[in-house]
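# Secondary and tertiary structure notes
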Amino acid sequence: HTSNDLNGQTALVTAGPTHEAIDPVRYIGNHSSGKMGVAIAENMAKRGAKVTLVMGPSQETARHPNITTIHVISAREMFEAAQKAHRTTKISVFAAAVADYAPADQSKEKIKKSSDDLSISLKKNIDIAATLGKNKSAEQYHVGFALETNQEEENALEKLKKKNFDFIVLNSMKDKGAGFKHDTNKITIYHKTGKKEASPLLAKVDVAALIVDNIVKDL
Ligand code: PMT
């Protein structure tokens, strides 16, 4: 993208998975690679925005002078970094796959193998997008993601409303080449206005451009 249609704008992107420690050597996590979030951050940076990228554990690196990357591990850390950046940010894109639950207690020592069954008690993590969405000002613009395996549209529309997004990007685990890890994705965008736009299978960089185009149109 060669235009500077985001010149002077500020943006926050969450990306990657979160890791919730069980003990010093183990965690609960998911398969997010961070690629989708990094592609969005890079697209907005190229178009002139100053971007804060809050990223969970990932092999990916965002390469653009307009991007400041903050590395975090847990959902709690991701929330704290995102909340701080959000105060001075116009556009927020929540592309991270945040763990919904974390171990209620973190063992200080490595848990030893003993009984045949082991239970770990979990507590719900803070919802970053929903919490920041509650305090969103009229000037702030929020984009969410939904990764679904079933009842995709219904679940996406519920999240759109509940988390106060301006639009939500649905990727389905049912579509080959979509979602986690791949260099490609296939999405459907649902705007709060009811407008809907579906993409074919595209490279994540092109999906990112399409998402950012949708933001720019609304600013
Ligand atoms: O990283 P990649 O390998 O490139 O894969 C990209 C992706 C599939 C991870 C990405 O495109 C994606 O769909 N991210 C959101 C996945 C997800 O876990 O969605 P969700 O349905 O659990 O959450 C809905 C929305 O709320 C998301 O915007 C999520 O970032 C946000 N959320 C969820 C829980 C939580 N505690 N805090 C949040 O902010």
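Residues numbered from 1 in each chain as written. Predicted model: local features only at pLDDT ≥ 70, side-chain atom pairs only at ≥ 80, totals over all residues.

## Some points on the overall build of the protein chain
Looking only at helices and strands, the protein chain features five helices and 14 strands. What you see for the protein chain is a C-alpha radius of gyration of 18 Å, in line with the 17 Å of a compact globule of 219 residues. Considering only C-alpha atoms, the protein chain reaches an extent of 60 × 35 × 30 Å along its principal axes. The buried share among the 219 residues of the protein chain stands at 41%. Across the protein chain, contacts joining residues at least 24 apart in sequence account for 61% of those joining residues at least 6 apart. (Helix = DSSP H or I, 4+ residues; strand = E, 2+ residues; numbered from the N terminus. Rg over C-alpha atoms; globule rule 2.2 N^0.38 Å. Buried ≥ 20, exposed ≤ 12 C-beta atoms within 10 Å, placed from the backbone. Contact = placed C-beta atoms within 7 Å.)

## Some thoughts on the nonpolar core
Among the nonpolar cores identified, the biggest contains 58 residues, and Val13, Ile40, Ala41, Met78 and Ile168 are the most heavily contacted of them. The element best represented in this core is helix H1 (residues 35–46), accounting for seven residues. Ignoring anything within four residues of it in the chain, the contact list for Ala41 reads Val13, Val51, Leu53, Ala62 and Ile67. (Core = buried A, V, L, I, M, F, W, Y, C linked by C-beta atoms within 7 Å.)

## Some words on the UniProt feature "binding site: CTP" (unreviewed entry) in the protein chain
When the UniProt feature table is mapped onto this chain, "binding site: CTP" (unreviewed entry) is found at Asp100, Lys110, Phe145, Lys159 and Lys163. Taken together, the annotated residues stretch across 64 residues and extend over separate regions, lying up to 37.0 Å apart by C-alpha. Relative to the elements of secondary structure, Asp100 occurs in the loop between strand E6 (91–94) and strand E7 (101–103). Ignoring anything within four residues of it in the chain, the contact list for Lys163 reads Ala129, Ala130, Gly133 and Gly144. (UniProt positions renumbered as here; feature names shortened; annotations may be inferred.)

## Quick word on H1
Taking 1.5 Å per residue as the helical rise, H1 with its 12 residues ought to reach 16 Å, and the 16 Å between its terminal C-alpha atoms agrees with that figure. With 12 of its 12 residues buried, H1 lies for the most part within the structure. Those residues of H1 lying buried are Lys35, Met36, Gly37, Val38, Ala39, Ile40, Ala41, Glu42, Asn43, Met44, Ala45 and Lys46. Check the buried side of H1 and you find it contacts strand E1 (10–15), strand E4 (50–55), strand E5 (67–71), E6, strand E11 (184–185) and helix H5 (204–218). Gly48 occupies a position one or two residues after H1 and carries a positive phi of about 110°. (Expected span 1.5 Å × (residues − 1).)

## Comments concerning the site of the ligand
Taken together, 28 residues lie near the ligand, and Ser33, Met36, Phe94, Ile128 and Ala129 sit nearest. It is strand E9 (residues 141–148) that provides the largest number of residues to the shell around the ligand, a total of four residues. Of the residues that constitute the shell around the ligand, the class distribution is 13 nonpolar, nine polar and six charged. (Near = placed C-beta within 6 Å. Nonpolar A, V, L, I, M, F, W, Y, C, P; charged D, E, K, R; others polar.)

## Points about the sheet that holds strand E10 (residues 167–172)
Strand order in this open sheet of eight strands is E5-E4-E1-E6-E9-E10-E12-E13, and the pairing throughout is mixed. The sheet is open, and its two edges are formed by E5 and strand E13 (196–198), each paired on a single side. Here the strands of the sheet are splayed against their neighbours by 15° on average, with no regard to which way each runs. Note: strand E12 (residues 187–191) against E13, three bridges, orientation antiparallel. Across the sheet, Tyr190 pairs through a bridge with Lys196, a residue of E13. (Pairing = 2+ DSSP bridges. Axes fitted to C-alpha atoms, helices over the stretch in contact; angles between N-to-C directions.)

## Notes on the pairing of E6
Burial of E6 is two-sided: the residues Ile91 and Val93 facing one way and the residues Ser92 and Phe94 facing the other way are all buried. Relative to E6, E1 is paired through four bridges, and the arrangement is parallel. Within the sheet, the bridge partner assigned to Thr14 lies in E6 and is Phe94. Sheet analysis places E6 next to E9, joined by four bridges and oriented parallel. Looking at E9, one finds that Ile91 is bridged to Tyr141.

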